[in-house]
Amino acid sequence: MIGASEPGKVVTRFAPSPTGFLHIGGARTALFNYLFARHHGGEFHLRIEDTDRARSTEPAIAAILDGLTWLDFEWDGAIVYQFARAARHAEVAHQLLAAGHAYRCYASPEDLEEMRAAQRAAKQPMRYDGRWRDRTDWPNDAPFVIRLRAPQTGSVTINDLVQGPVTVANAELDDMVLLRSDGSPTYMLAVVVDDQDMGVTHVIRGDDHLNNAFRQLALIRAMGWAEPHYAHIPLIHGSDGAKLSKRHGALGVDAYRDDLGLLPEAVENYLLRLGWGHGDDEFISRAQAVEWFDLAGVGRGPARFDLKKLESVNGHYLRAADDARLTALIDTKVGGVIGRDLTADDRNLLQRSMSELKKRAANLNDLASSSLFLLRSRPIPMDDGAAKLLASAGLGNLARARAALAGVADWSVPALETAARALAEAEAVKLGQIAQPLRAAVTGSSQSPGLFDVMAVLGRDEVLGRIDDALIATQEGASA
RNA sequence: GGUCCCUUCGUCUAGCGGUCUAGGACGUCGCCCUUUCACGGCGAAAACACGGGUUCGAUUCCCGUAGGGAUCACCA
């Protein structure tokens, strides 16, 4: 036993193959395992299935751990590396062989390919035909594999916690390979032995493994081990209903963080609601998720991935997030664009604007780009909308607005607004006639947070300076 | 193709025989708020795949059909 556990305690595990990044489907499987374990006060373990030496990589392992850590799915105990346990797997295979529950098969890959070709031609199901099942006339030095002597009659029913009772006839299953001719264990053997040794009580995984469960059960029964509970959750599909691929956002979770600028709690909440629901609740905290999560509520059909909804959920969490945290999260993004490290003053400026900025952003990238105008040095760049506003407003209005603002003694939001409104009234124009050109001059854009809020945070000198910049630029543009 | 599984608005879902004139959310559209954009508020269009049963009564139970998915390696 390598996974410490008390009798009756729930033990789950997440067991990814380190052949690539932690993708969104894997993250959801991890989430469900994590939540189920925590809900029952049990343990959540992590096992890296690195038996495929050709495809397993160190960077992939690092990416998986990084993703789980970012999502805050804290695992219990030490990480189990499957490859390191190969000797134990082989030991079980030989135990089975000695007990007569497994046998040597000397069929070569070519023999088997020939067999399958014949089955294909005859439109028969392609299954190992058991040709070595009862033979003992073993060639001396020929390589062989060890196959499980699986039951051939009757049927097996799994009471899957998600799928319900599922029955498969044993005749549908063939004798799977346990130990390869080079002595290495197959996945089927390794999974069963590791789950057993780790004390896993609930196997929660993608439903691409549902068929495997029946064969694994045969192995478990041959060993006389305790049978775990199974829960096979449907895979996530792309927006077109096809299997999730890179086209639909089957990215590593690091891409959700770095490229899409999403918050981990948003990704978690979205993943939780994908295939599972709790009444009409849309926003569910970690604590609530732990309290409410159950496997029976997981849908049996594949759910489609919807980036729009994920972004919407992210917007919700962004608006709820702490201003200092958000400021820290966009720090390097912003610094990269303006071409310098942020100063303490910069950060202070960002943080004081954050409550307004975050209402307008769906992700951290939007948040960072919408905050740039605060930190840019004069003269700040004008976008097309701003240039158009300034050109049509004319010099007079902007100059009069500047004069009105310059006369404001107390540089506060209400005082600035009062001054602008007074000017609009005196000129007999709508406030927008005054505010829009000002917005363009001060923010370089036709869209921004509340103008008076912006002016208040930027300060008198900076605001008047920016207006002067715009006046000069407009004058030059008009005379050119 | 064999086996297994699934099927409520475009999408995620609520519903677990009568509460359904089928609820919520995203998206879409309209209105309000308003100095812009957002946020927020209000409202609209939008679904029980189809056909048989069972039942006094089916979105809910059963069986077909269609559609979708998973899987059939000395890969995991």
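Scroll up to find the structure this text is about.
Because the structure is a prediction, the values reported are computed rather than measured.

J.: Could you give an account of the sheet that holds strand S5 (residues 145-148), naming the residues involved and the relevant values?
T.: An order of S4-S5-S8 is seen for the three strands of this open sheet, with the pairing classed as antiparallel. The open sheet terminates on both sides in strands that have one partner only, identified here as strand S4 (102-105) and strand S8 (177-179). Here the average twist between neighbouring strands, direction ignored, is 45°. In this sheet, S5 lies alongside S4 in antiparallel orientation, the contact comprising four bridges. Counted as the bridge partner of Cys-105 is Val-145 from S5.

J.: Run through the pairing of strand S10 (residues 229-233), naming residues and quoting values.
T.: Among the five residues of S10, four are classified as buried, and the element is accordingly described as predominantly covered. As defined by bridge partners, strand S9 (residues 202-206) adjoins S10 across five bridges and the pair is classed as parallel. Bridging from a neighbouring strand, His-202 pairs with His-229 of S10.

J.: Run through the protein's contact with RNA strand B, naming residues and quoting values.
T.: Lining the immediate environment of RNA strand B, one finds 61 residues, of which Ser-17, Arg-180, Gly-275, Arg-300 and Arg-439 sit closest. Among atoms of RNA strand B positioned within 4 Å of the protein, sugar and phosphate together represent 68%. Between Asn-211 and RNA strand B, the recorded distance is 3.3 Å, taken from a side-chain N or O atom to a sugar or linking oxygen. By residue number, the principal contributor to the surface near RNA strand B is helix H16 (residues 431-443), which donates five residues. Here the surface near RNA strand B is built from residues that sort into 17 nonpolar, 21 polar and 23 charged.

J.: Tell me what's going on with the sheet that holds strand S1 (residues 11-14), and back it up with residues and numbers.
T.: Reading across from one edge, S1-S2-S3 is the order of the three strands in this open sheet, with parallel pairing throughout. The sheet is open, and its two borders are formed by S1 and strand S3 (80-81), each paired with just one other strand. Two elements, S1 and strand S2 (residues 43-48), share four bridges in a ladder whose sense is parallel. By the bridge assignment, Arg-13 is partnered in S2 with His-45.

J.: So what's going on with the pairing of S9? Residues and values would help.
T.: When you tally the buried positions in S9, you get five out of five residues, the bulk of the element. The handedness of the S9 to S10 crossover, carried by helix H6 (residues 210-223), is right-handed.

J.: Tell me about the packing of aromatic side chains, and name the residues and values.
T.: Applying the stated criterion to the full structure yields nine aromatic pairs. Consider the rings of Phe-32 and Phe-293, whose centres lie 5.0 Å apart with planes at 35°: the pair is tilted. Note that Phe-32 is positioned in helix H1 (residues 24-39) and Phe-293 in the loop between helix H9 (286-292) and strand S12 (303-304), a separation of 261 residues in sequence. Considered together, Phe-32 and Phe-293 belong to a single accessibility category, that of buried residues. Among the aromatic residues, ring-to-ring pairing joins Phe-32, Trp-276 and Phe-293 into one connected group.

Reading guide: rules and limits
Residues numbered from 1 in each chain as written. Chains lettered and ligands numbered in written order. Predicted model: local features only at pLDDT ≥ 70, side-chain atom pairs only at ≥ 80, totals over all residues. Heavy atoms only, no water. Pairing = 2+ DSSP bridges. Helix = DSSP H or I, 4+ residues; strand = E, 2+ residues; numbered from the N terminus. Axes fitted to C-alpha atoms, helices over the stretch in contact; angles between N-to-C directions. Buried < 20%, exposed > 50% of the residue type's maximum accessible area, 1.4 Å probe, protein only. Near = heavy atom within 4 Å. Polar contact = N/O pair within 3.5 Å; in protein donor to acceptor, adjacent residues only side chain to side chain. Nonpolar A, V, L, I, M, F, W, Y, C, P; charged D, E, K, R; others polar. Right-handed = clockwise from strand over helix to strand, strands pointing away. Phe/Tyr/Trp six-rings, centres within 6.5 Å; stacked < 30°, edge-to-face > 60°.

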